[in-house]
Amino acid sequence: MSTTPRATPSGTPQRLYIGGDWVEPAGGHYEVINPADESVVGLAPEAGRAQVAEATRAAAEAFGAWSRTTPEARAAILDRAADIMQREYEPWAALAQAETGAPTGIARGMQVGVGVSRFRRYARGALEPVEKALPPQVTEAGPMGRAAILGALEVRRPVGVVTCVTSYNNPWANPAGKVAPALAMGNTVVVKPAPQDPLSVFKMAEALHEAGVPAGVVNVVSGTSVEVGEAAVDSPDVDMVSFTGSTAVGQRIAEVCGRTMKRQLMELGGKGAAIVLDDADLDSAVMGIGTTFSFYSGQICTAPTRVIAHRSVYARLVEKLTGYLAFMKVGDPAERGTVVGPVISAAHRDRVESYVELGRKEGARIVHGGERPVVGAGRGFYVAPTLLVDCTNDMRVVREEIFGPVVVVVPFDGGEDEAVALANDSDFGLLSYVWSGDSARAFRVAGRLRTGGVGINTIGRNMEAPFGGFKQSGVGRDVGSYALHAYSEVQSIVWPG
């Protein structure tokens, strides 16, 4: 029996949010599909290119006044928006679950709940100091003038209009992590949500609208057409693009941004290495690695999907991971006890399954999963949690991001040098992990990994620590105060003392 009510299709198709008004889309509407049972969640708007241009123009016109508002005024609006999200928590969590197929605990705690907490965090962030005094500098008399003592100030200023292109795996936490710090710093935004689950992002816009955000400060345009995102990125009104998604799309966006030197914040793909050393607590490692199967059905770039295990613990680790998988219930995300829900779409299910078959052909051994699970009436986009072992670093399943509930295990025989070399032999560098019973050893290994973050004996994250990737996993850092820095430019002011 379901423990959370399903969101039902709304009688009113969703409209775009442009310049403070709810606007009928030029391209009509398209169906948003529940990945759990393939029912229609609602009708999302298909923006036209001209409407995207209208949204970026509205953001540009609103920037001057919004950037001059007091930090206290911006903080108050973000706090009120968080209050409204909390008030609407139940129906909006149900909508998020219906759009994404996330199990109930994740839909409630990690989607709307994280959205609320991020708006609260950046309401406080709006009040953080933006000025930093620098030591005075004494200059001798010379061609530039008389001797002087020059004071200086470093000041963070808003960038301007920010296009936020968000990911489908969390339509609350990801947009909130962009919109809230951008607004806190005095920027205006145009949000282009993922086409698979945009309805939740419009609820965020509803909260901001009711909270009193001025017209044009926040705009949301959605659509399945590539030209919607392209128009939001290449607009001459846009000063910065913040994108979360695949490396391939990020590369194309970066090329467009480079033409006019738009600022960028890119959080791209990952293939997290989980190094399990010979002295590791295997139960702890299994609990951490196992989150790949359960957390968003592996649709998360920070997942420890690439296990690099010392030969002395390899067999026991594989045995424990296999046993762990036996207790993972795949099913309707709204039902009690479900651990693994569907992936976002039929196309993505087919992609994940093709990787599993590729792994088999490459010589990997499938010890769990590999067959499509049947849930309920046989509808929905389900993928069995899959464990591929006896892998080598040259296999595509080891090198490429699968973005599903699939873990590959690579054994190694040598010491730390070999483990580090295997981990670093990747185009990606977002988050990696080290399990060892010796903390000093774990820290030593972590320091050699070419990734933006390393978890030592944990998959937990400190939400004030900088987040971002090395190599093809991204550009820039956000989270905590680093997000405020990401959505700002640094200006120097100098004067004679």
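Residues numbered from 1 in each chain as written. Predicted model: local features only at pLDDT ≥ 70, side-chain atom pairs only at ≥ 80, totals over all residues. Heavy atoms only, no water.

Asks: For this particular structure, what's the right way to read the overall build of the protein chain?
Replies: Of the regular secondary structure elements, the protein chain holds 16 helices and 22 strands. Computed over the C-alpha atoms, the radius of gyration of the protein chain is 24 Å, within 12% of the 23 Å expected from 2.2 N^0.38 for a compact globule of 497 residues. Considering only C-alpha atoms, the protein chain reaches an extent of 75 × 65 × 40 Å along its principal axes. Split into buried and exposed, the 497 residues of the protein chain put 55% on the buried side. (Helix = DSSP H or I, 4+ residues; strand = E, 2+ residues; numbered from the N terminus. Rg over C-alpha atoms; globule rule 2.2 N^0.38 Å. Buried < 20%, exposed > 50% of the residue type's maximum accessible area, 1.4 Å probe, protein only.)

Asks: So what exactly am I meant to see when it comes to the sheet that holds strand β22 (residues 488-496) here?
Replies: Backbone hydrogen bonds hold the strands of a sheet together, and the pairing may be parallel or antiparallel. Reading across the sheet, the 3 strands line up as β5-β6-β22 and stay open at both edges, with antiparallel pairing between neighbours. Only two strands of the sheet have a single neighbouring strand rather than two, namely β5 (131-139) and β22. Sheet twist, expressed as the mean angle between neighbouring strand axes with direction ignored, is 25°. Sheet topology places β5 next to strand β6 (residues 148-158); 7 bridges connect them, and they run antiparallel. Among the inter-strand pairings, E131 is bridged to a residue of β6, identified as V155. (Pairing = 2+ DSSP bridges. Axes fitted to C-alpha atoms, helices over the stretch in contact; angles between N-to-C directions.)

Asks: Any chance you could explain the packing of aromatic side chains here in plain terms?
Replies: The description of two aromatic rings rests on the distance between their centres and on the angle between their planes. Evaluated as defined, the whole model comprises 5 aromatic pairs. Plain terms: the ring middles of W92 and W172 are 5.7 Å apart, the flat faces sit at 25° to each other, and that makes the pair stacked. In this pair, W92 sits in helix α3 (residues 89-100) while W172 sits in the loop between β7 (161-165) and α5 (173-184), placing the two residues 80 residues apart along the sequence. Exposure remark for W172: the relative accessible area of 0% places this residue in the buried category. Ring geometry for F295 and Y296: centres 4.8 Å apart, planes at 70°, overall edge-to-face. Stacked on the ring of Y314, the Lys or Arg R311 has its end atom at 5.8 Å from the ring centre. Across from the ring centre of F467, 4.1 Å away, lies the NZ or CZ of R461, which sits over that ring. (Phe/Tyr/Trp six-rings, centres within 6.5 Å; stacked < 30°, edge-to-face > 60°. Lys NZ or Arg CZ within 6 Å of the ring centre and 35° of its normal.)

Asks: Would you explain the sheet that holds strand β15 (residues 386-389) in this entry?
Replies: Spatially, 7 strands are ordered β14-β15-β16-β13-β12-β18-β19 in an open sheet, and the strand pairing comes out mixed. In the strand order of this sheet, the two ends are held by β14 (365-368) and β19 (453-456), each with one partner. When strand polarity is set aside, the average angle formed by the axes of neighbouring strands in this sheet is 25°. Sheet analysis places strand β18 (residues 431-435) next to β19, joined by 4 bridges and oriented parallel. What sits directly across from Y433, in β19, is G455. Docked against the sheet, helix α14 (residues 416-424) engages β12 (273-276), β13 (306-310) and β16 (406-412), running at close to 170° with respect to β13. (Contact = heavy atoms within 4.5 Å.)

Asks: Before we go on, may I ask you to explain the side chain of K178 in this structure?
Replies: Among the secondary structure elements, K178 is positioned in helix α5. Although K178 is buried, it makes no salt bridge; D478 carries the closest opposite charge, 5.6 Å away. Within the local environment of K178, its side chain forms a polar contact with the side chain of T244, the two groups lying 2.9 Å apart. Once residues lying within four places of it in the same chain are set aside, the contact partners of K178 are C164, V165, T166, S242, F243, T244 and Y487. (Lys, Arg positive; Asp, Glu negative; His and termini not counted. Salt bridge = Lys/Arg side-chain N within 4 Å of Asp/Glu carboxyl O. Polar contact = N/O pair within 3.5 Å; in protein donor to acceptor, adjacent residues only side chain to side chain.)

Asks: Even after reading the chapter, I still don't get the environment of D237, so can you show me in this structure?
Replies: For D237, the position within the fold is in the loop between α7 (226-234) and β10 (240-244). Exposure remark for D237: the relative accessible area of 26% places this residue in the partly exposed category. Setting aside residues no more than four positions away along its own chain, D237 makes contact with T56, R57, A60 and V161.

Asks: Just checking my understanding: could you explain the nonpolar core for this structure?
Replies: Nonpolar side chains in soluble globular proteins tend to end up buried together. Counting 72 residues, the largest nonpolar core has M85, F119, L183, V189, L208 and V218 as the members making the most contacts within it. Setting aside residues up to four positions removed in sequence, L208 forms contacts with I77, A81, F119, V179, L183, V213 and V218. Among the nonpolar cores identified, the runner-up in size contains 33 residues, and A274, I289, A309 and L325 belong to it. (Core = buried A, V, L, I, M, F, W, Y, C linked by side-chain atoms within 4.5 Å.)

Asks: Just to check I follow, could you spell out the environment of H29 for this structure?
Replies: Tracing the backbone shows H29 in strand β3 (residues 29-33). Owing to a relative accessible area of 30%, H29 belongs among the partly exposed residues under this scheme. Residues H29 and P13 lie 16 residues apart in sequence; the distance between their C-alpha atoms is 7.4 Å. Apart from the residues within four sequence positions on either side, H29 is in contact with P13, Q14, E24, L43, A44, P45 and E46. A polar contact of 2.8 Å, which involves the side chain of H29, links it to the backbone oxygen of Q14.

Asks: So what exactly am I meant to see when it comes to helix α1 (residues 49-67) here?
Replies: Because each turn of an α-helix spans 3.6 residues, side chains separated by three or four positions in sequence point in the same direction. Compared with an ideal rise of 1.5 Å per residue, which puts 19 residues at 27 Å, α1 spans 27 Å between its outermost C-alpha atoms and is within 8% of the ideal. The largest bend in α1 comes to about 30°, at E61. For α1, every residue scored as buried is listed here: Q51, V52, A55, T56, A58, A59, A62 and W66. (Expected span 1.5 Å × (residues − 1). Bend = angle between axes of the 7 residues up to and from the residue.)

Asks: Honestly, unusual backbone geometry in this entry has me stumped. Any pointers?
Replies: Glycine aside, the phi torsion of most residues is negative, and most peptide linkages are trans. Residues other than glycine seldom take positive phi values, yet D390 does so here, at roughly 60°. Relative to the helices and strands, D390 resides in the loop between β15 and α13 (396-399). A relative accessible area of 33% means that D390 is categorised as partly exposed. Phi angles above zero are rare outside glycine, and N457 is one such case at about 60°. Among the structural elements, N457 can be located in the loop between β19 and β20 (470-471).

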